[in-house]
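Residue-level structure breakdown
If you want the building blocks of each chain, they are given just below.
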Amino acid sequence: MGKAADLNEFDRGQIVMVRRLGASITETARLVGCSLSALVSIHAKWINDGDTSSRRQGVGRPRVIKEKGRRRLPRLVKQNRRQTVVQLTAQYNAGSSASVSEHAVQRTLLDMGLCSRRPTRVPLLTKRHRQLRLQWVREHRDWTMDEWKRVAWSDESRFLIHHVDGLVRIRQEQLLPSCTAGHTQAGGGGIMLWGTFSWTALGPVVMVEQTMKAANYLNIIADQLHPYMAFVFPTGNGIFQQFNAPCHKARIVLKWFEEHTDEFHLMSWPPNSPYLNPMENIWNVMEQQLRAQTPPCPKISTLRDRCLDIWYNLSPVMYQALVASLPTRVAAVLKAKEGATRY
């Protein structure tokens, strides 16, 4: 479980938000992935000081891995993106005059955006992508919580079996799409899940039996999404979000959405913006809970059953807190001047 020093500013803000929504200390710690002592100290700091920052400006230990080492680490990561932190640390120390710990390597990777908790689509941000993202956050920066509560969020994620610890984690390199190449061929196989949720309720989660194509996706939105939107937004004021995958933009899919505009609307979405989608955090929570289970998943059917069990036991406090974080996410993108943000 993470210590207070390991948590970024978003995690710290999420602790305060979830606690204010009434979650217990244990439930909040499980959601954020930190220790109880770290959670208590951060929450106490917010109560006493009005902020959750980890340290004062200009104060703190100097970096163990200096600039030369920070330039070297990405080169080592590129050589083999599946190596563990232990392996990467040994390789780093083999060519360095000073020995560093695994913890120092892990912290540096996280700080540089070269490590993620789960397989991820890595944003390739072109100038046009940045412009569209900035346009989107400007259009939504004044949204009220009542408006955010009308959105049903969706995403797809692959969970992989691995013979070592149950799941494959692909080391991320920000802005380089080649980092995710080949991850579907990891040993042991895996499953692809599509899911949706809103402030009001968890939606369906669907196991995709093959590569998601337009016909598969059309079946999902017609058979699963449609009744969910009708149930949660019976007055027709719901908004559905999807993330611009090729199957999402297929002609037959867009035609279906046009035919149902009187029942709910389709949200415009900036390309390559996972930080803005709270579904990414739900996948992360699911992977953390999968990793905590023993023994590791021996087969696909077990992995599927565990994923479904976790999904349908997700706390409403957790996913409502994620929806409540949208104004903060929008503000973060505006502050970054449409550049990349970490989530």
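Just so it is clear, the structure is predicted and the values come from calculations on it, not from any experiment.

Points about the pattern of salt bridges
Scanning all chains against the criterion turns up two salt bridges. For arginine 291, the salt bridge identified is with glutamate 287, shortest N-O distance 3.4 Å. With arginine 291 and glutamate 287 both in helix α11 (residues 279-292) and four residues apart, the pair spans about one turn of that helix. A salt bridge links aspartate 305 to arginine 304, with the nearest nitrogen and oxygen atoms 3.2 Å apart. A residue is classified by how much of its surface remains accessible, and aspartate 305, at 43% relative accessible area, is partly exposed.

Brief notes about the packing of helix α13 (residues 316-324) against helix α14 (residues 326-335)
Axis separation between α13 and α14 bottoms out at 5 Å; the angle between their running directions is 35°. Across from Leu322, Val323 and Ala324 in α13, the residues of α14 making contact are Leu326, Pro327 and Arg329. Across the contact of α13 with α14, the residue classes tally to five nonpolar, no polar and one charged.

Remarks on the confidence of the model for the protein
It should be kept in mind that the predicted coordinates are not to be read in detail where pLDDT is low. Scored by pLDDT, the protein has a mean of 79; 77% of the residues are at 70 or more. Across residues 55-60, where pLDDT falls below 50, the model places two contacts with residues more than four positions away in sequence or in other chains. Low pLDDT, under 50, characterises residues 116-122; the predicted model gives this stretch 34 contacts beyond four residues in sequence or across chains.

A closer look at the pairing of strand β1 (residues 151-160)
The buried fraction of β1 is high, at nine of ten residues. Pairing of β1 with strand β4 (residues 238-240), which is carried by two bridges, proceeds in the parallel orientation. In the sheet register, alanine 152 faces β4, and the bridge partner there is phenylalanine 240. Note: β1 against strand β2 (residues 190-197), eight bridges, orientation antiparallel. Across the sheet, residue glutamate 156 finds its bridge partner in β2, namely tryptophan 194.

Thoughts on the packing of aromatic side chains
Overall, the coordinates contain twelve aromatic pairs when judged by the stated rule. Arranged with centres 5.9 Å apart and planes meeting at 65°, the rings of phenylalanine 197 and tyrosine 319 form a pair that is edge-to-face. Here phenylalanine 197, found in strand β2, pairs with tyrosine 319, found in helix α13; they are 122 residues apart in sequence, far enough to count as distant. Accessibility assignment for this pair places phenylalanine 197 and tyrosine 319 in one class, buried. Aromatic side chains phenylalanine 240 and phenylalanine 257 sit 5.9 Å apart centroid to centroid with 25° between the ring planes, which places their arrangement in the stacked category. Here phenylalanine 240 is found in strand β4, whereas its partner phenylalanine 257 is found in helix α10 (residues 251-259), with 17 residues between them in sequence. Comparing phenylalanine 240 with phenylalanine 257, the two get one shared label, buried. The structure contains a cluster of three or more aromatic residues connected by ring pairs, namely Trp136, Trp143, Trp148, Trp153 and Trp269. Looking at lysine 149, its charged tip hangs above the ring of tryptophan 199, at a distance of 4.3 Å from the centre.

Quick notes on the sheet that holds β4
Pairing is mixed across the open sheet formed by five strands, whose spatial order is β3-β2-β1-β4-β5. Here the strands that pair on one side only, and so sit at the sheet edges, are β3 (202-208) and β5 (264-266). The mean angle between the axes of side-by-side strands here comes to 25°, regardless of whether they run parallel or antiparallel. Taken together, the three bridges between β4 and β5 define a ladder with parallel strand orientation. The partner of phenylalanine 240 across the bridge, within β5, is leucine 266. The strands touched by helix α9 (residues 214-232) are β1, β2, β3, β4 and β5; relative to β3, the strand with the most contacts, the crossing angle is about 165°.

Focus: a nonpolar patch on the surface
A surface patch of nonpolar side chains, about 230 Å² in accessible area, is lined by Ile25, Leu36 and Val40. Structurally, valine 40 is set in helix α3 (residues 36-49). The partly exposed category is assigned to valine 40, whose relative accessible area is 42%.

Reading the values: rules and limits
- Residues numbered from 1 in each chain as written.
- Predicted model: local features only at pLDDT ≥ 70, side-chain atom pairs only at ≥ 80, totals over all residues.
- Heavy atoms only, no water.
- Salt bridge = Lys/Arg side-chain N within 4 Å of Asp/Glu carboxyl O.
- Helix = DSSP H or I, 4+ residues; strand = E, 2+ residues; numbered from the N terminus.
- Buried < 20%, exposed > 50% of the residue type's maximum accessible area, 1.4 Å probe, protein only.
- Axes fitted to C-alpha atoms, helices over the stretch in contact; angles between N-to-C directions.
- Contact = heavy atoms within 4.5 Å.
- Nonpolar A, V, L, I, M, F, W, Y, C, P; charged D, E, K, R; others polar.
- pLDDT = per-residue confidence, 0-100.
- Pairing = 2+ DSSP bridges.
- Phe/Tyr/Trp six-rings, centres within 6.5 Å; stacked < 30°, edge-to-face > 60°.
- Lys NZ or Arg CZ within 6 Å of the ring centre and 35° of its normal.
- Patch = residues over 30% accessible without salt bridge, like charges linked within 9 Å, V, L, I, M, F, W, Y side chains within 5 Å.
- Areas by Shrake-Rupley, 256 points an atom, 1.4 Å probe, with all protein chains shown as cover.

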